Amino acid sequence: MNGNHSHQGASPATATGRPDGAGGERAAPGIPEARLAAFADGLKGRVVRPEDSAYDSARSIWNAMIDRRPALVVRCVDDKDVTASVDFARDLGMPLAVRGGGHGVAGQAVCDDGLVIDLSEMNEVEVDAERRTARARGGCTLGDLDRATQQHGLATPLGVVSRTGIAGLTLSGGMGWLRRRHGLSCDNLVSATVVTADGRLRVASEAEHPDLFWAIRGGGGNFGVVTSFEYRLHPLGPEVFLCFPHYPLSRAREVLRSCERYVSEAPDGVAPVGVLGRVPEAEEFPDEAHGQLFVALLAVYPGDPDEGERAVRPLREITEPLGDLSGRMPYVEAQSVLDADYPDGGRYYWKSLNVSELSDELVERLVTHVAASPSPASTIDVWFQGGAMARVGEEETAFANRADPYLLGLEANWEEEADSDANMTWVRGVFADLHGSFSTGGLYLNFPGFLEEGDKLLREGYGGNRERLAEIKATYDPTNLFRLNANITPRS
């Protein structure tokens, strides 16, 4: 997060219809042509194959670090398409990936030599303003859902970048600006429809398949393809107040301490993120500030904007700022204020860890590490947790590590492939240093690097809920068809 408001990013990819171009009648490797033709003919959606002109755009996802070549990309348009795709991949023993928004940093929305279920065309939202609920299809982004709910002055807790898919976000928790007032995205899930490994469409809720409902609230994509999410909504907007002052990094201890006190005095209010990075070359900042190291406080007041302006003033007056991007704005604009910092086709590598306190030594380490980052777009983020998200019991949902008051997000964001090793090495070095000295053992599985630590990372991510997750996995996916994720091995 660095507050650069310049617009960047590629247009979303769209696939064309039936296979086209040279060799368009050939089956994908290892797939009988008749079987593939029958499968494609039975879909309402479309199959994109390696010989198609749309293939490269269909296999591309947000993080340019990921370059994989699936045998098939299926652009599904309804639940039956998803069911048919699950059956096809399972019966042929193909690797199976699921793409919602394609925004997951680990890149598991696409696979080599397998089938990708692409939900991006399933992006409808239905709002029941009287019941204060919304049902959103599995291909929706945060922006899709926010735009629909804000027409009624309602919102559900989501993330902080509007082009993120709701699916991956929610299934692994979902941390955003409303987490301390209304909890996580998964805490506000009322029900979901899930195509499980046997090709059945199930409803998961407190009343139907409650074990599956428990598991998908924090257990990731291990249990099936979620084709729709029903969320609880809360009154908010259409205008809010955004707090976003940038202070010199030399004042990091004072700024973070002040924020810590502020949060402790408002247990269910603002949910700030402290951001350590470099001032971008953006017109919102004076020229002399460009490139300077900063510590920012970023938050959305979850209520009336006039009240919010007064309430967040202490966060904006800690010391003399380098610049202040705070102000009233529509909630949908506040939700997209960071979009330009994360353009499609950029390169990203993120990790995370929970800590129990912001000690002076920890803050000094953060300052030292961010000053050494090889990319000016990289940041270290301090998520202030607690409030509503901490009042949900550790075993009430699959999402673990709720009690820790701080999450550190270590973000390497850069452009050129030649810089990849240096940036990943930086994140891994920071993680190793902080994990060894300050970690409580928990982390956030939406910021998992490339899951290269394997079982060790999963033990920390799922905490004490891992055994129950393995049992539920054995019920709904005993052969581990859905394994391209923070994978839970079915209990045998």
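The text that follows walks through the structure, step by step, so that each part is easy to find. Computed from a predicted structure; not experimentally measured.

About the cut-offs
Residues numbered from 1 in each chain as written. Predicted model: local features only at pLDDT ≥ 70, side-chain atom pairs only at ≥ 80, totals over all residues. Heavy atoms only, no water. Helix = DSSP H or I, 4+ residues; strand = E, 2+ residues; numbered from the N terminus. Expected span 1.5 Å × (residues − 1). Buried < 20%, exposed > 50% of the residue type's maximum accessible area, 1.4 Å probe, protein only. Pairing = 2+ DSSP bridges. Axes fitted to C-alpha atoms, helices over the stretch in contact; angles between N-to-C directions. Contact = heavy atoms within 4.5 Å. Core = buried A, V, L, I, M, F, W, Y, C linked by side-chain atoms within 4.5 Å. Polar contact = N/O pair within 3.5 Å; in protein donor to acceptor, adjacent residues only side chain to side chain.

Attention shifts here to helix 3 (residues 79-92). Under the 1.5 Å per step criterion, the end-to-end length of helix 3 is 20 Å for 14 residues, consistent within 8% with the ideal 20 Å. Regarding helix 3, the residues found buried are Asp 79, Asp 81, Val 82, Thr 83, Ser 85, Val 86, Phe 88 and Ala 89. Two residues or fewer after helix 3 comes Gly 93, characterised by a positive phi angle close to 65 degrees.

Taken together, the five strands give an open sheet; going across it, the order is 5-6-10-8-9, and neighbouring strands pair in antiparallel fashion. Single-partner strands in this sheet number two, and they are strand 5 (125-128) and strand 9 (201-205). The average undirected angle you get between the axes of adjacent strands in this sheet is 15 degrees. In terms of strand pairing, strand 8 (residues 189-195) meets strand 10 (residues 225-232) through six bridges, oriented antiparallel. Note on strand 10: the bridge partner recorded for Leu 189 is Tyr 231. Contacting strand 6 (133-137), strand 8, strand 9 and strand 10, helix 3 runs over the sheet at an angle of about 140 degrees to strand 10.

What follows covers the nonpolar core. The nonpolar side chains of a soluble globular protein tend to be buried with one another. Formed by 79 residues in total, the largest nonpolar core has its most connected members in Met 1, Ile 166, Ile 216 and Leu 338. Per-element tally for this core: the top contributor is helix 7 (residues 210-216), with five residues.

Right, let's talk about unusual backbone geometry for a bit. Here Gly 237 and Pro 238 are connected by a cis peptide whose omega angle stands at 5 degrees. Relative to the assigned elements, Pro 238 resides in the loop between strand 11 (234-235) and strand 12 (239-243). At Asn 480, a position not held by glycine, the phi torsion is positive, near 60 degrees. Summarising the element assignment, Asn 480 is placed in the segment after helix 16 (466-476).

Below, the discussion takes up helix 4 (residues 142-150). Burial runs high along helix 4: seven of the nine residues are buried. Restricting attention to buried positions, one finds in helix 4 the residues Leu 142, Gly 143, Leu 145, Asp 146, Ala 148, Thr 149 and Gln 150. Its buried side turned inward, helix 4 meets strand 5, strand 6, strand 7 (154-155), helix 5 (166-171), strand 10 and helix 11 (331-334).

Adjacent strands of a sheet form backbone hydrogen bonds with each other and so pair up, either parallel or antiparallel. Pairing in this open sheet of four strands is mixed, and the strands run 1-2-4-3 from one edge to the other. A single partner strand is all that each edge strand has here, and the edge strands are strand 1 (46-48) and strand 3 (96-99). Sheet twist, expressed as the mean angle between neighbouring strand axes with direction ignored, is 20 degrees. Of the pairings in the sheet, the one linking strand 1 to strand 2 (residues 72-75) comprises three bridges and is antiparallel in character. The residue of strand 2 that forms the bridge with Arg 46 is Arg 75. In the packing of helix 3 onto the sheet, the strands contacted are strand 2, strand 3 and strand 4 (115-118), and the crossing angle to strand 4 comes to about 170 degrees.

Secondary-structure assignment places Met 389 in helix 13 (residues 388-391). Residue Met 389 is classed as buried on the basis of its relative accessible area of 0%. In contact with Met 389, not counting residues within four places along its chain, are Arg 179, Gly 183, Leu 184, Asp 187 and Arg 402.

Here Thr 164 is to be found in the loop between strand 7 and helix 5. Of the polar contacts made by the side chain of Thr 164, one reaches the backbone oxygen of Val 161; its length is 2.9 Å. Setting aside chain neighbours within four positions, we find Thr 164 in contact with His 103, Cys 140, Thr 141, Leu 142 and Leu 169.

Turning our attention to the pairing of strand 12. Counting buried positions along strand 12 gives four out of five residues, so the element sits mostly inside the fold. By the bridge criterion, four bridges tie strand 12 to strand 17 (residues 327-330) in an arrangement that is antiparallel. Bridged to Val 240 within strand 17 is Met 329. Across two bridges, strand 12 lies against strand 15 (residues 293-300) in antiparallel orientation.

By themselves, these figures tell us nothing about what the structure is for.
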